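Results of the structural survey
Residue-level listing of the chains:
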Amino acid sequence: MLRRTFCHLPGVGPHTETRLWEAGISTWDDLPKAPVGVMPPAKLERLRAGIAASEAQLARGEVHPFVQGLASQHHWRVFPTLRSAVAYLDIETTGLGSPGDIITTIAVYDGQQVLHFVNDQNLNEFPKVIEKYEMLVTYNGKCFDVPFIERFFDIRLEQVHLDLRYILRQLGLGGGLKGCEKALGMDRHDVAGLDGFHAVLLWHEWAKHGWQRSLDTLLAYNVADTINLEALMVYAYNHLLCETPFAAVETVPNGVAPDNPFQADPATVARLLSSAW
DNA sequence: TTGATTGTTCACGGCGATTC
DNA sequence: GAATCGCCGTGAACAATCAA
């Protein structure tokens, strides 16, 4: 979809891009044969120069300049290009970001393997590991996960970042991550019903009593979020494609969801979900 | 409850086409 | 060549939303 995009260039908005597509200019390669009258000659010349520059950037593997010129509601278009270097990311913390709140666990799924990081164990390895990914996919990560990580580790995450919250909202799916999963019939298996507040409680149980079952349940919950992010990303991409003329030729396949390496403790989940809490 | 981000709406300005 | 008009991109302001 990247090479069908024109609205990353100055002076080109959605209207102009749609007009180009309708005129048969489906990819950058079609630009030389643009029909007379599709746009003023001077503008067409600037467009050609812009596309030539974009071609050069992509040839050098530079996607960032391309994304910077693209309005955020179109960032989903780079997904297939960077899919092999995507990290689906989710963090758990002790709160919403008040002073003193810390990151307890981080789960990263890259489409192949699941990585997890635990405070006081291997959390300090996270900045080095996340460096190798070129794109982050989160839910509400622009407001919560990424700013929290940047403050906590005092680092900058420079990757292309897709926040599914806004993309799914465009498609009429709201109600938080769990709401979106429910609307799409996605199963959360043994962590169904748990939410972020339960994750805080599980961490306190682990920290205070050292209960392994509490940490395992927390990690099962954390990892489940990241695994489901891939399916949500593919759903969003394929549905947004339907708003372009290219749905039939650009659709991406679903990934194969891995088994969650952590299992929630049923008794712990039942206790958390009971009225006592 | 807080703060950051986004989409939506609206107004403005630039640019090109048209008319005289 | 100048004046006018209309299209479209851009930016500001505001409301809505979501995370643990």
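Residues numbered from 1 in each chain as written. Chains lettered and ligands numbered in written order. Predicted model: local features only at pLDDT ≥ 70, side-chain atom pairs only at ≥ 80, totals over all residues. Heavy atoms only, no water.

1. What about the overall build of chain A?
Within chain A, the secondary structure is distributed over 12 helices and five strands. Going through the 277 residues of chain A one by one, you find that 51% of them count as buried. In chain A, of all internal contacts separated by at least 6 residues, the share reaching a separation of at least 24 is 65%. Of the roughly 13300 Å² of accessible surface on chain A, 53% is carried by carbon and sulfur atoms. Computed over 23 positive and 32 negative side-chain charges, the inter-centroid distance for chain A is 7 Å. (Helix = DSSP H or I, 4+ residues; strand = E, 2+ residues; numbered from the N terminus. Buried < 20%, exposed > 50% of the residue type's maximum accessible area, 1.4 Å probe, protein only. Contact = heavy atoms within 4.5 Å. Areas by Shrake-Rupley, 256 points an atom, 1.4 Å probe, with all protein chains shown as cover. Lys, Arg positive; Asp, Glu negative; His and termini not counted. Charge placed at Lys NZ, Arg CZ, Asp CG, Glu CD.)

2. Examining the packing of aromatic side chains
Under the counting rule described, the total for this entry stands at nine aromatic pairs. Note on Phe152 and Phe153: the rings are 5.0 Å apart at their centroids and 85 degrees apart in plane angle, and the pair reads as edge-to-face. Exposure remark for Phe152: the relative accessible area of 32% places this residue in the partly exposed category. A cation over a ring is seen here: Arg4 above Phe246, with NZ or CZ 4.3 Å from the ring centre. Taking NZ or CZ as reference, Arg151 lies 5.4 Å from the ring centre of Phe148, over its face. (Phe/Tyr/Trp six-rings, centres within 6.5 Å; stacked < 30°, edge-to-face > 60°. Lys NZ or Arg CZ within 6 Å of the ring centre and 35° of its normal.)

3. Quick word on the protein's contact with DNA strand C
Contacts to DNA strand C come from 24 residues, most closely from Gly13, Thr16, Asn140, Arg165 and Leu177. Take the atoms of DNA strand C that sit within 4 Å of the protein: sugar and phosphate atoms are 76% of them. Between Thr16 and DNA strand C, the recorded distance is 2.5 Å, taken from a side-chain N or O atom to a phosphate oxygen. One of the backbone N or O atoms of Gly176 is found 3.4 Å from a phosphate oxygen in DNA strand C. At the level of elements, helix H1 (14–22), strand E1 (86–93), helix H7 (164–170), helix H8 (176–183) and helix H9 (196–209) are the ones that each hand at least two residues to the surface near DNA strand C. It is E1 that provides the largest number of residues to the surface near DNA strand C, a total of four residues. (Near = heavy atom within 4 Å. Polar contact = N/O pair within 3.5 Å; in protein donor to acceptor, adjacent residues only side chain to side chain.)

4. Some words on the pattern of salt bridges
For the structure shown, the criterion picks out 13 salt bridges. In this structure, the salt-bridge partner of Arg77 is Glu17, at a minimum N-O distance of 2.9 Å. Of the two residues, Arg77 is situated in the loop between helix H3 (64–68) and helix H4 (79–82) and Glu17 in helix H1; the sequence distance between them amounts to 60 residues. You'll find Arg77 and Glu17 in the same group, each marked buried. Connected via shared salt-bridge partners are Lys178, Glu181, Arg188 and Asp225. (Salt bridge = Lys/Arg side-chain N within 4 Å of Asp/Glu carboxyl O.)

5. Comments concerning the protein's contact with DNA strand B
Close contacts around DNA strand B come from Pro40, Ala42, Arg46, Ser72, Gln73, Leu96, Lys142, Cys143, Tyr166 and Gln170, and that covers them all. Each atom of DNA strand B within 4 Å of the protein was assigned to sugar, phosphate or base; sugar and phosphate come to 81%. Contact distances for DNA strand B include 3.3 Å between a phosphate oxygen and a side-chain N or O atom of Ser72. Between DNA strand B and Lys142, the relevant distance is 2.8 Å, taken from a phosphate oxygen to a side-chain nitrogen or oxygen of the residue. Sorting the residues of the surface near DNA strand B by element identifies helix H2 (41–59) and H7 as the ones contributing at least two each. Of the residues in the surface near DNA strand B, the class split is five nonpolar, three polar and two charged. (Nonpolar A, V, L, I, M, F, W, Y, C, P; charged D, E, K, R; others polar.)

6. A few points about unusual backbone geometry
Although it is not a glycine, Asp120 adopts a positive phi angle of roughly 70 degrees. Tracing the backbone through its elements, the reader meets Asp120 in the loop between strand E3 (114–118) and helix H5 (126–130). For Asn140, which is not glycine, the phi dihedral falls at a positive 60 degrees. By the secondary structure assignment, Asn140 is in the loop between strand E4 (135–138) and helix H6 (145–153).

7. Digging into the domain arrangement of chain A
How big an interface is tends to be stated in terms of accessible area lost as the parts join. Assigned domains of chain A: these are domain 1 (2–70) and domain 2 (80–274). For domain 1 and domain 2, the distance between their C-alpha centroids amounts to 34 Å. Each side of the interface is counted separately: domain 1 has seven residues, and domain 2 has 10 residues. Of the roughly 700 Å² buried between domain 1 and domain 2 on both sides combined, carbon and sulfur atoms contribute 72%. Looking at the side of domain 1 facing domain 2, the largest losses of area belong to Arg4, Trp21 and His64, adding up to 63% of the total buried there. Taken together, the connections running from domain 1 to domain 2 amount to one salt bridge. Between Glu250 and Arg4 there is a salt bridge whose closest N-O contact spans 2.7 Å. (Domains from an automatic or database assignment. Buried area = accessible area lost by both parts, 1.4 Å probe.)

8. Quick notes on the side chain of Ser214
Mapped onto the elements, Ser214 comes out in helix H10 (residues 212–241). Once you skip the residues sitting within four places of it in the chain, Ser214 turns out to touch Leu202, Glu205 and Trp206.

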